[in-house]
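Overview (structure and organization)
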Amino acid sequence: MPRKVYSKKLKESIFKRLTPPNAEKVPALAKETNIPKGTLYRWRTKVLENNPTSNKKSSKWSSSDKFQAVLETASLSELETAKYCREKGIHVEELKSWIKQCQNANENKFEDPKELKDNLKKEQKKAKELEKELREKEKALAETAALLVLRKKARAIWGDPEDD
């Protein structure tokens, strides 16, 4: 069966209808336009690949995507920001929380990795020494317990030396 060629203008209008915020359902669009569902699904995939943030739920956005959204909306008015959020499929409140996260990103103080590594080595050495000391004490305790048992048995066999 020959492949049907669609005009660029038709494709662009369908692309707009397939992307957020409108994002019409493919089966309904296929019925309306008489374009096969498979074709529409391929087109939708192609459109969403070109605009990676438009098809993601905000919880699936990467950190760099969120940061990019913050940068893109930094100079926009509230109305423009709201329009941007609708186009991207996010809520204004989410964008505001991302802005706060970006503003607070450098407030956490991170320790020097070399210092952390040195502290870890010291703690591991200390743990090893404590384990060695514990083993020695366990041995001494076991030896003391054995001596007490032997003393008890010796008294039972020979009697108490004070009895003589």
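Let me sum up the structure you'll find in this document. All values derive from a computational prediction rather than experimental measurement.

**A few points about the pattern of salt bridges**
Within the structure shown, the criterion is met by one salt bridge. For Glu133, the salt bridge identified is with Lys137, shortest N-O distance 3.1 Å. Linking Glu133 with Lys137, this pair stays in helix 7 (residues 113–158), spanning four residues, or about one helical turn. Given the relative accessible area of 36%, Glu133 is considered partly exposed.

**Some words on the nonpolar core**
Soluble, globular proteins show a tendency: their nonpolar side chains are buried together. If you look at the biggest cluster of nonpolar residues, it comprises nine residues: Tyr6, Ile14, Leu18, Val26, Leu29, Ala30, Ile35, Leu40 and Trp43. Per element, the largest residue contribution to this core is three residues, and it comes from helix 2 (residues 26–33). With sequence-adjacent residues up to four places away left out, Ala30 is seen in contact with Ile35, Lys37 and Leu40. Ranked by size, the runner-up nonpolar core spans eight residues in total, among them Trp61, Ala69, Leu95 and Trp98.

**Examining a negative patch on the surface**
Among the surface-exposed residues, Glu111, Asp112, Glu115 and Asp118 lie close enough to one another that they form a single negatively charged patch. On the basis of relative accessible area, Glu111 is assigned to the partly exposed category, the value being 47%.

**Some details on helix 7**
Given a rise of 1.5 Å per residue, 46 residues ought to cover 68 Å, and the 67 Å separating the end C-alpha atoms of helix 7 matches this to within 8%. A positive backbone phi angle near 85° is found at Gly159, which sits one or two residues after helix 7.

**Some remarks on unusual backbone geometry**
Phi at Asn34 takes a positive value of approximately 60°, unusual for a residue other than glycine. Along the polypeptide, Asn34 turns up in the loop between helix 2 and helix 3 (37–50). With relative accessibility at 65%, the residue Asn34 sits in the exposed group.

**Focus: the layout of surface pockets**
Of the voids in this model, the largest pocket is the one considered here, and its volume is about 240 Å³. What lines the largest pocket is Arg3, Lys4, Val5, Tyr6, Lys11, Pro36, Thr39, Arg42 and Trp43. Broken down by element, the residue count for the lining of the largest pocket peaks at three residues, all from helix 3. In this model, the second largest pocket occupies a volume close to 150 Å³. Surrounding the second largest pocket, Thr73, Ala74, Leu76, Ser77, Glu78, Thr81, Ala82, Val92, Leu95, Lys96 and Ile99 form its lining. Contributing elements (two or more residues each) for the lining of the second largest pocket: helix 5 (78–88) and helix 6 (92–103). It is helix 6 that provides the largest number of residues to the lining of the second largest pocket, a total of four residues. Partitioned by chemical class, the residues of the lining of the second largest pocket number six nonpolar, three polar and two charged.

Reading guide: rules and limits
- Residues numbered from 1 in each chain as written.
- Predicted model: local features only at pLDDT ≥ 70, side-chain atom pairs only at ≥ 80, totals over all residues.
- Heavy atoms only, no water.
- Salt bridge = Lys/Arg side-chain N within 4 Å of Asp/Glu carboxyl O.
- Helix = DSSP H or I, 4+ residues; strand = E, 2+ residues; numbered from the N terminus.
- Buried < 20%, exposed > 50% of the residue type's maximum accessible area, 1.4 Å probe, protein only.
- Core = buried A, V, L, I, M, F, W, Y, C linked by side-chain atoms within 4.5 Å.
- Contact = heavy atoms within 4.5 Å.
- Patch = residues over 30% accessible without salt bridge, like charges linked within 9 Å, V, L, I, M, F, W, Y side chains within 5 Å.
- Areas by Shrake-Rupley, 256 points an atom, 1.4 Å probe, with all protein chains shown as cover.
- Lys, Arg positive; Asp, Glu negative; His and termini not counted.
- Charge placed at Lys NZ, Arg CZ, Asp CG, Glu CD.
- Expected span 1.5 Å × (residues − 1).
- 1 Å grid on protein atoms, 1.4 Å probe; cavity = no way out; pocket = protein on both sides within 12 Å on 5 of 7 lines; lining within 4 Å.
- Points joined across faces, edges and corners; volume = space filled by probe spheres on them.
- Nonpolar A, V, L, I, M, F, W, Y, C, P; charged D, E, K, R; others polar.

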